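# Overview (structure and organization)
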Amino acid sequence: MSHAAPKLNAFPVFLKVEGQVVAIVGEGEEALAKARLIGQSAAALRIVAAEPEAALAAFIAGHGAVHIRSAYAPEHIEGAAMVFAASGDAGLDARISADARRLGIPVNAVDRPDLCDFFTPALVNRAPVAVAIGTEGAGPVLAQMIRARVDRMLSPSLGPLAALAATFRDAAEKLLPKGAARRRFWNEFFAGAPARAMETGEVSLAHDAAAKLLAVDAPVRGHIALVGAGPGAEDLLTLRAQRLLMEADAIVHDALVPEAVVAMGRRDAERLPVGKRKGCHSKSQDEINALLVRLGREGRRVVRLKGGDPLVFGRAGEEMAALRQAGISYEVVPGVTAAFAAAADFELPLTLRGVTSSLVFTTGHDLKGGTLPDWARLAISGATVAVYMGRSVAADVAGRLIEAGLSPDTAVAIVENASLAGRRRFHGTLADLPSLSGRGDLSGPVMTIIGDAVAGANFDRSEPLAAHRHRHAAPAAQGVFS
Ligand code: SAH
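Residues numbered from 1 in each chain as written. Predicted model: local features only at pLDDT ≥ 70, side-chain atom pairs only at ≥ 80, totals over all residues. Heavy atoms only, no water.

In this section: the nonpolar core. Core analysis: the biggest nonpolar cluster contains 25 residues, and Val-397, Leu-401, Ile-414, Leu-430, Leu-433 and Ile-450 have the highest contact counts within it. Among the elements of the structure, helix H14 (374-380), strand E14 (384-387), helix H15 (394-403), strand E15 (411-416) and strand E17 (446-450) are those that each provide at least two residues to this core. With four residues, H15 is the largest single contributor of residues to this core. Those residues within four positions of Ile-414 in sequence are excluded, and the remaining contacts are Phe-346, Arg-424, Arg-425, Phe-426, Leu-433, Leu-436, Val-446, Met-447, Thr-448 and Leu-465. Counting 20 residues, the second-largest nonpolar core is a separate cluster that includes Val-22, Ala-35, Leu-56 and Met-82. (Core = buried A, V, L, I, M, F, W, Y, C linked by side-chain atoms within 4.5 Å. Buried < 20%, exposed > 50% of the residue type's maximum accessible area, 1.4 Å probe, protein only. Helix = DSSP H or I, 4+ residues; strand = E, 2+ residues; numbered from the N terminus. Contact = heavy atoms within 4.5 Å.)

This model, assessed by the stated rule, comprises eleven aromatic pairs. Centroid distance Phe-185 to Trp-186: 4.8 Å. Interplanar angle 75 degrees. Geometry classified as edge-to-face. Across this residue pair, the class does not change: Phe-185 and Trp-186 are buried. Taking the centre distance of 5.9 Å and the plane angle of 65 degrees together, the rings of Phe-346 and Phe-459 count as edge-to-face. One end of the pair, Phe-346, is in the loop between helix H13 (338-345) and strand E13 (359-362); the other, Phe-459, is in the loop between E17 and strand E18 (463-464), and 113 residues separate them in sequence. Summarising the burial analysis for this pair, Phe-346 and Phe-459 share the class buried. Over the aromatic face of Trp-186 sits the side chain of Arg-169, whose NZ or CZ is 4.6 Å from the ring centroid. (Phe/Tyr/Trp six-rings, centres within 6.5 Å; stacked < 30°, edge-to-face > 60°. Lys NZ or Arg CZ within 6 Å of the ring centre and 35° of its normal.)

Next up on the list: a nonpolar patch on the surface. On the surface, Phe-313, Phe-340, Leu-359, Phe-361 and Met-389 cluster together to form a nonpolar patch covering roughly 440 Å² of accessible area. By the secondary structure assignment, Met-389 is in the loop between E14 and H15. (Patch = residues over 30% accessible without salt bridge, like charges linked within 9 Å, V, L, I, M, F, W, Y side chains within 5 Å. Areas by Shrake-Rupley, 256 points an atom, 1.4 Å probe, with all protein chains shown as cover. Salt bridge = Lys/Arg side-chain N within 4 Å of Asp/Glu carboxyl O.)

Another aspect to go through is the pairing of strand E16 (residues 424-429). Extensive coverage of E16 is indicated by the burial of five of its six residues. Sheet topology places E15 next to E16; six bridges connect them, and they run antiparallel. What sits directly across from Val-412, in E16, is Gly-428. Where E16 lies against E18, two bridges are found, and the strand directions are parallel. Bridged to Phe-426 within E18 is Glu-463. (Pairing = 2+ DSSP bridges.)

This brings us to the sheet that holds strand E2 (residues 44-48). Pairing in this open sheet of five strands is parallel, and the strands run E3-E2-E1-E4-E5 from one edge to the other. Both edges of this open sheet fall to strand E3 (66-68) and strand E5 (107-109), since each of them pairs with a single strand only. Adjacent strand axes in the sheet meet at a mean angle of 15 degrees when their direction is disregarded. As paired elements, strand E4 (residues 82-85) and E5 share three bridges and run parallel to each other. Considered in E5, the bridge of Ala-85 is made with Ala-109. (Axes fitted to C-alpha atoms, helices over the stretch in contact; angles between N-to-C directions.)

Dropping the structure here:
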């Protein structure tokens, strides 16, 4: 025999309040909280408060609520569709509740469940769409936590999109046979081109895209989102990245993107690792471009997940060009780039008033030639330099910059695995930097930041770079940190 599912003691419904009065009795914070909640609906608010606190008075004025400025009397709640007893006074709340029940009006008394006919939910409002969360008083904190989670999942443009959907309902019913064709239309409407246009605020484009979908044989269009996965910590994803991951039906990701981030994708999304880590089989850039084009042609919703920001040393340029050439729609979602994560881990100001006002992102791989690249001149004139993929070229970077006139004492900060639990921080000077390439104890990605602003960082949790050099290389020069 199967166990019966637990029963709800309070059943959620959506009450029509447009054109109705909702009465709230109270002068303070509780009354204001209920006024704010009901103020999200089209109900007319009637607030009974002899001496409202300033914030409540401001709300009443700002929302054009009807204000009854006198001590509570039963006639104040007559004709209301709902009553809130929020006076803060147990005796008065009990009276209000009894009056409401006598008048046949559902009542809620704040923090007094026995006086309540209904409870108010935690609300995610994307009017006309609403998600109401109730816990039957088990935990308002729990309800708020769930609310925050649901809120993150739903695009701010969901409301206007749902409103647009309502205007297409008749046409869809008339033009599309019931069943698969109609389902496909609505799937595409809420997750395809109309949704994407609404996302960027292009209402008429959304309308046109939906109209196009109405043709029974309209092709399903694929879409590729080039998404920045951030430096590794999964809570450094953007809300947009997270939402797209949850909607994706294929996720194409580099090896640098940690499993925890990829795991935030829809459970039944196909996962396509494309390598780019030493020792793994990895696809060439051309193969990756071709894969994205193929998935787009198949009508799939793809997230192309890249470490950090997709437009910083991410070869997104080539992928975008291939998609553009193939006529496949795509978008770019920015991410937290490694330099920003490393700076945050070091509490390092990348720009510093009076010290440096420019910032260079480089790989240092262009230092091998005879001429000095422009960024080296910027470094000498005081820019903060963030070096990506700089481990193997550390000696070249240090050597050429010193040769060009940057002081060997210039401060250097290094972070391995920025943003991740196992991160390591190192500090030192430009003179210490060459030791980086020879270190066997660092296996994660490494970010190097060079410049006078580095001196403003917090070195409490970092190891001296020179310590390693002392043990394994030539005797140390005296740097600012030694
Ligand atoms: N698009 C990425 C960079 C890709 S290049 C971004 O915007 O961050 C790869 C290089 O980024 C690595 O060699 C390393 O220098 C740096 N990097 C990426 N993640 C890192 C991390 N968590 N910590 C330190 N450096 C990182």
